[in-house]
Structure formats: structure tokens, C-alpha cells
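What follows is each chain in one-letter form.
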Amino acid sequence: ILTVLFEEGFDFLIDKAGLQHNIPVTKRVKARIEQKKGFPLEKRLRLTLERLGPTFIKFGQVLSVRPDLIPKSYIKELEMLQDSVPPFPYEIVKQQISKELGKDLSEIFSSFEKKPVASASISQVHAAVLKDGKKVAVKIQRPDAKGMMETDIEIMFYVARLLESRIPKIKKFSPIQVIEEFSKWTEKELDFKREAIN
């Protein structure tokens, strides 16, 4: 994460947080920084979140609807973030359904589309038909989604605590509180039983 921040031109934050000793400095990285510094800060933030992966993309999407936290120019850029995550294989879909429902896919559905109609960081959706002929959308959580997001959020908390303790100006944005809200939101999104009730 620090290397990506550094490469995308956020070295000033790393320096202020006192983490610069964790960055391997090479000519290639230096050249990359100089190239990125020509981009507006808003664009660099979006590119950074995209490179850091699904949890950080989600975080950027959440920030894009928080005009109380970030300026309009950042919101406009973060609105461009999309879940462009490739689908996971059909074999994993079958395994997940069997594991969760205790039955083979063929015992539940008369037909099941192998190709998902939508794919995102947490899950993907497949069109299917139940044995009674009812058309349904089946949402399947990525097997690694929960663990990966929990780990990323732990790292976010660590960075937020560092930033609050070492950069006084950033305290007014309450980074720890923002991560707490994001953590609760993510926990709800990962709870498919809650979603089914809704």
C-alpha cells in the first residue's frame, strides 16, 4: 500500500506519517513519481484507489457521496470509480452454492447461466430458473471477500490512526471515524441474510 501511495505521488503523506523508511527507493519509482506529479491530486487519488483493489475502490465510492468530507472536485473524480472486477470461475460458483445450501446446483435449479449478469468486488449475480419454473437472480459472495476486506480495513485503521496522530490538520476530517463508518457499511454489505430480508 505504501509503495502504491509513493508511486502515485503521495510521498508527502508518507513523509508526514513517518513511514518513508518502509519505501524501497529506486530510479524506476522516482521516474514514476515525477510522471504522476503532473496529474491533478484528485486523479492521483482515484488511480491510487483503483490500484489498491476492491476494498479501496468501495471506499472511494463511499467517499464520492460525502460532500461533507471532501471537495466537489474529488467527488467528481471518485464518481468515476467502478467495480471492474473480473468474475470468478463457474466451478467456484457451484462449490459455493453446494457449501451454503447443502445441495448440488442441479438439485435446486432447472437452469443456471454460467456467465454472470454482473460481477463486483464482493459478489456476482447469475440468472437461473428454479425447479418450479420461477426465474431468479442468484447472488454469490466471493469466497475470499470477507477476509480480504477485513484485512484491508485493519490496515486502513492503522493508517488513519497514524495520520491523526502525526498530521494535526487532518484531525478535523476524523479519518478514524470515517473508517469506522466504512467498516460498519461493509459488514452490512457482506451480510447476505440481511440483504435477503431487505
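In what follows, the structure referred to is the one given above.
Reading the values: rules and limits
Residues numbered from 1 in each chain as written. Predicted model: local features only at pLDDT ≥ 70, side-chain atom pairs only at ≥ 80, totals over all residues. Heavy atoms only, no water. Helix = DSSP H or I, 4+ residues; strand = E, 2+ residues; numbered from the N terminus. Buried < 20%, exposed > 50% of the residue type's maximum accessible area, 1.4 Å probe, protein only. Contact = heavy atoms within 4.5 Å. Areas by Shrake-Rupley, 256 points an atom, 1.4 Å probe, with all protein chains shown as cover. Lys, Arg positive; Asp, Glu negative; His and termini not counted. Charge placed at Lys NZ, Arg CZ, Asp CG, Glu CD. Salt bridge = Lys/Arg side-chain N within 4 Å of Asp/Glu carboxyl O. Pairing = 2+ DSSP bridges.

Outline the overall build of the chain, listing residues and values.
Summing up its helical and strand segments, the chain has 11 helices and four strands in all. Seen through its C-alpha atoms, the chain measures out along the principal axes to roughly 60 × 35 × 30 Å. Per-residue burial over the chain gives 40% buried out of 198 residues. The long-range fraction of contacts in the chain, counting pairs at least 24 apart against all pairs at least 6 apart in sequence, stands at 53%. As displayed, the chain has an accessible area near 12,100 Å², and 55% of this comes from carbon and sulfur atoms. In the chain, which carries 35 positive and 28 negative side-chain charges, the distance between the mean positions of the two groups comes to 3 Å.

Tell me what's going on with the pattern of salt bridges, and back it up with residues and numbers.
Under the counting rule described, the total for this entry stands at 10 salt bridges. Salt-bridge contacts for Glu77 lead to Arg46; the nearest nitrogen and oxygen are separated by 2.4 Å. Of this pair, Glu77 sits in helix 6 (residues 72–78) while Arg46 sits in helix 4 (residues 41–52), placing them 31 residues apart in sequence. Owing to a relative accessible area of 15%, Glu77 belongs among the buried residues under this scheme. Arg66 is the partner of Glu181 in a salt bridge, and the nearest nitrogen-oxygen pair spans 2.7 Å. One end of the pair, Glu181, is in helix 10 (residues 175–190); the other, Arg66, is in the loop between helix 5 (54–63) and helix 6, and 115 residues separate them in sequence. Among the ionic contacts, a cluster of salt bridges with common partners joins Glu7, Glu8 and Arg51.

Describe the environment of Arg161, naming the residues involved and giving the relevant values.
By the element assignment, Arg161 lies in helix 9 (residues 145–166). Judged by its relative accessible area of 45%, Arg161 falls in the partly exposed class. Measuring from C-alpha to C-alpha, the distance between Arg161 and Ile176 comes to 6.3 Å, with 15 residues separating the pair along the chain.

I'd like a rundown of the pairing of strand 3 (residues 123–130), residues and numbers included.
Pairing analysis gives three bridges linking strand 1 (residues 109–112) to strand 3, with the strands arranged antiparallel. Considered in strand 3, the bridge of Ser111 is made with Val129. As paired elements, strand 2 (residues 118–119) and strand 3 share two bridges and run antiparallel to each other. In the strand pairing of strand 3, Ala118 is matched with Val125. Of the strand pairs in this sheet, strand 3 and strand 4 (residues 135–141) are connected by seven bridges, and their pairing is antiparallel. Following the sheet pairing, Gln124 is matched in strand 4 by Ile140. The turn linking strand 3 back onto strand 4 is made up of four residues, and Gly133 within it adopts a positive phi angle of 95 degrees.

Any functional reading would require information that these geometric values do not contain.
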